[in-house]
Amino acid sequence: MSTTQSTSNRAQYYEQIARERLAPLWESLHALVVPEPKPKAVPALWQYARIRDLVMEAGSVISAAEAVRRVLVMENPGLPGKSAVAPNLYAGLQLILPGEIAPSHRHTQSAMRFIVEGEGAWTAVNGERTTMHPGDFIITPSWTWHDHGNPSIEAGGEPVVWLDGLDIPLVAHLDAGFAENYPEATQPISRAEGDSFARYGSNMLPVRHTVSDPTSPVFSYPYARSREALDTLYRNGELDAWDGVKLRYVNPATGGWPMPTIATFMQFLPKGFRGKTYRSTDATVYCVVEGQGTAHVGDNTFTLAPHDIFVAPSWVPVRLDADADTVLFSYSDRPVMAALNLLRESRI
Ligand code: GTQ
C-alpha cells in the first residue's frame, strides 16, 4: 500500500472513530506521557514600579463594594484567559482604600494574603480581625467567612495593597468550587484581635486541643517574627547554597502546611549571595519583600526590586542572586504535589 493511500485510509478511519467519540492514542501519546514536565505556564515577572500606578488607578475605576474584590489578576502569558499564574495557582493584587469594605463571603478555595504596602487595613476570619502590616502573611482557609476593611482617612487609613494567592485553578479543575455571600457586609466579631495568635502562635496550644482539620488555627503570621527568625539564623551561620536561609510557614498544631493546597515560604539572601540552580515540580510565585537582586528562571533574567512578583513554573531551573540583603516570600502548590507523590526536586 502506498503512503498516500494509507494516509487517506487513516484520515478516513479517524473520521469514523471521531463520530463515535473515539480518538487514536498513538497520535497524542508523546504529548500526553512526557519524559519530563513541559509546562504551558512560562516564567513571568511583574515589576511593581511599572504596575503600581495602575493598581492605584483601579481605585477610581470601581469601588470595593461594587467590585466585591478589587483585584488585578496576574495572568501567566502561557495560560491566557485562565486567571492562572500557574496551572494550580492564582495570583492577584488587591487594593482597598480608606473607608472601604470588601464584603464577607466564603468559598471552598483556600486563600492567602501577603501584604505588599500600606498599614492598618484588616481581614476578618472566623470572627476575629487581624490588622495588616507589610510583609505579614495571612490565611483565609477554605469555607471560612472572610471580609476585608480599611479605616477611614480620618481614622488614619491609607491605601493598602496585598498579593492574593489562591488555589482557584486547581479547584476549578477538580470541579469542587462552592461559594456563598454572608448576609451582612461584615461578619460578627466574636473574638478579640490576637486571640488565635496567643492560643496557637506562641509555641503552645490549648491543653485539650485536638486537630480536626489540616488547616492552621493561626491565621496571621506577622512579618516581624519571620524576619527576626531569618536574621537570627543567618547570624548563627546558617546559609544554604541554593536557598540562602529559607523557612516554611507551618500549621503549629500538625507541623504541616498552613493550608492543604498552598505552601508558603520566606527566605533571606545576604548581599553578594550567588545561589546554585534548583528546580522542582511545584510551581512557585515569589514576591520580593526587601532588597534587590536577580532571579534566573529558565532562560529569563529577572531584575528584582521590592514588591516585584515572579513565577517559576514546574521543573524550570531557578537561580537567585542578591545585590543587597534580600527577603523573598513565596507560595507554591507543593502540598498538592507532595500529597499525590508527584513532588520531585533537584538541587543542581
Ligand atoms: O479576597 O476573598 O483575589 O474570593 C480572588 C477571590 C480575592 C478574596 C481574590 C477572592 C478573594
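Peer 1: Account for the overall build of the protein chain, with residues named and values stated.
Peer 2: In terms of regular secondary structure, the protein chain is built from 8 helices and 22 strands. Here the protein chain has a C-alpha radius of gyration of 23 Å; the compact-globule value for 348 residues is 20 Å, and the two agree. Principal axes of the C-alpha set define a box for the protein chain whose edges measure 85 × 50 × 50 Å. Relative to its full complement of 348 residues, the protein chain shows a buried share of 46%. A fraction of 75% describes how many contacts in the protein chain between residues 6 or more apart in sequence connect residues 24 or more apart. Computed over 29 positive and 38 negative side-chain charges, the separation of the two mean positions in the protein chain equals 7 Å.

Peer 1: Before we move on, could you go through the sheet that holds strand E2 (residues 71-73) and cite the residues and values that matter?
Peer 2: The antiparallel open sheet is built from 6 strands, whose spatial order is E2-E3-E10-E5-E8-E12. Where the open sheet ends on each side, the last strands, each with one partner, are E2 and strand E12 (220-221). Both E2 and strand E3 (residues 90-96) contribute to a ladder of 3 bridges, which runs antiparallel. Paired with valine 71 across the two strands is glutamine 94, which belongs to E3.

Peer 1: Mind laying out the layout of surface pockets, listing which residues take part and the relevant values?
Peer 2: In this structure, the largest pocket occupies an estimated 920 Å³ of space. Elements that contribute at least two residues to the lining of the largest pocket include exactly helix H2 (25-32) and helix H5 (168-173). Examining the composition of the lining of the largest pocket, we find that 4 residues originate from one element, H5, more than from any other. Tallied by class, residues from the lining of the largest pocket come to 18 nonpolar, 5 polar and 6 charged. Of the voids in this model, the second largest pocket is the one considered here, and its volume is about 470 Å³. Together, 19 residues line the second largest pocket, and Tyr221, Arg225, Ser226, Tyr249 and Val250 are the ones closest to its centre. At the level of elements, helix H6 (195-200), helix H7 (223-235) and strand E13 (245-248) are the ones that each hand at least two residues to the lining of the second largest pocket. Sorting elements by how many residues they give to the lining of the second largest pocket places H7 first, with 4 residues. Grouping the amino acids of the lining of the second largest pocket by side-chain chemistry returns 13 nonpolar, 4 polar and 2 charged.

Peer 1: Let's hear about a nonpolar patch on the surface: which residues, and what values?
Peer 2: There is a patch of nonpolar side chains on the surface, built from Leu25, Leu29, Leu32 and Val33 and spanning about 390 Å² of accessible area. Here leucine 32 lies in helix H2. In this structure leucine 32 comes out as exposed when scored by relative accessible area, which is 58%.

Peer 1: How would you explain the packing of aromatic side chains if you had to name every residue and give the values?
Peer 2: Under the defined criterion, the tally for this structure stands at 13 aromatic pairs. Centroid distance phenylalanine 114 to phenylalanine 329: 4.0 Å. Interplanar angle 10°. Geometry classified as stacked. With phenylalanine 114 in strand E5 (residues 111-117) and phenylalanine 329 in strand E21 (residues 326-332), the pair connects residues that are 215 residues apart, well separated along the chain. Like phenylalanine 114, the residue phenylalanine 329 is buried in the burial classification. When the centroid spacing of 4.6 Å and the interplanar angle of 55° are considered together, the rings of phenylalanine 137 and tyrosine 249 count as tilted. Residue phenylalanine 137 is located in strand E8 (residues 137-140), and its partner tyrosine 249 is located in the loop between E13 and strand E14 (263-269); the two are separated by 112 residues in the primary sequence. Phenylalanine 137 gets classed as buried once you look at its relative accessible area, which sits at 1%. Among the aromatic residues, those joined into a ring-pair cluster are Phe114, Phe137, Tyr221, Tyr249 and Phe329. Positioned over the ring face of tryptophan 122 is arginine 129, at 3.5 Å from the centre of the ring. Here the basic side chain of arginine 248 rests over the ring of tryptophan 257, its NZ or CZ set 4.7 Å away from the ring centre.

Peer 1: Give a description of the site of the ligand that names residues and reports values.
Peer 2: Close contacts around the ligand come from Arg69, Val71, Tyr90, Gln94, His105, His107, Arg113, His146, His148, Asp164 and Leu166, and that covers them all. With respect to the ligand, the side chain of arginine 69 contributes an N or O atom lying 2.8 Å from an oxygen atom. Here an oxygen atom of the ligand sits 2.8 Å away from a polar atom, N or O, in the side chain of histidine 146. For the ligand, the protein covers 90% of the area, taking 290 Å² as the surface of the free molecule. Elements represented by at least two residues in the shell around the ligand include exactly E3, strand E4 (101-107), strand E9 (146-149) and strand E10 (160-166). In the shell around the ligand, the residues fall into 3 nonpolar, 5 polar and 3 charged.

Peer 1: Account for empty space enclosed by the protein, with residues named and values stated.
Peer 2: Across all of its chains, the model carries 2 cavities of 30 Å³ or more by this definition. Taken as a whole, the largest cavity encloses approximately 70 Å³ of empty space. Taken together, the residues that form the lining of the largest cavity break down as 5 nonpolar, 1 polar and 3 charged. Along its surface, the second largest cavity is lined by Tyr278, Arg279, Ser280, Asp282, Thr284, Tyr286, Ala312, Pro313, Val316 and Val318. Among the secondary structure elements, those contributing two or more residues to the lining of the second largest cavity are strand E15 (278-280) and strand E16 (284-290). The element that contributes the greatest number of residues to the lining of the second largest cavity is E15, accounting for 3 residues. For the lining of the second largest cavity, the residue count by class is 6 nonpolar, 2 polar and 2 charged.

Here is what the cut-offs are and how they apply
- Residues numbered from 1 in each chain as written.
- Predicted model: local features only at pLDDT ≥ 70, side-chain atom pairs only at ≥ 80, totals over all residues.
- Heavy atoms only, no water.
- Helix = DSSP H or I, 4+ residues; strand = E, 2+ residues; numbered from the N terminus.
- Rg over C-alpha atoms; globule rule 2.2 N^0.38 Å.
- Buried < 20%, exposed > 50% of the residue type's maximum accessible area, 1.4 Å probe, protein only.
- Contact = heavy atoms within 4.5 Å.
- Lys, Arg positive; Asp, Glu negative; His and termini not counted.
- Charge placed at Lys NZ, Arg CZ, Asp CG, Glu CD.
- Pairing = 2+ DSSP bridges.
- 1 Å grid on protein atoms, 1.4 Å probe; cavity = no way out; pocket = protein on both sides within 12 Å on 5 of 7 lines; lining within 4 Å.
- Points joined across faces, edges and corners; volume = space filled by probe spheres on them.
- Nonpolar A, V, L, I, M, F, W, Y, C, P; charged D, E, K, R; others polar.
- Patch = residues over 30% accessible without salt bridge, like charges linked within 9 Å, V, L, I, M, F, W, Y side chains within 5 Å.
- Areas by Shrake-Rupley, 256 points an atom, 1.4 Å probe, with all protein chains shown as cover.
- Salt bridge = Lys/Arg side-chain N within 4 Å of Asp/Glu carboxyl O.
- Phe/Tyr/Trp six-rings, centres within 6.5 Å; stacked < 30°, edge-to-face > 60°.
- Lys NZ or Arg CZ within 6 Å of the ring centre and 35° of its normal.
- Near = heavy atom within 4 Å.
- Polar contact = N/O pair within 3.5 Å; in protein donor to acceptor, adjacent residues only side chain to side chain.

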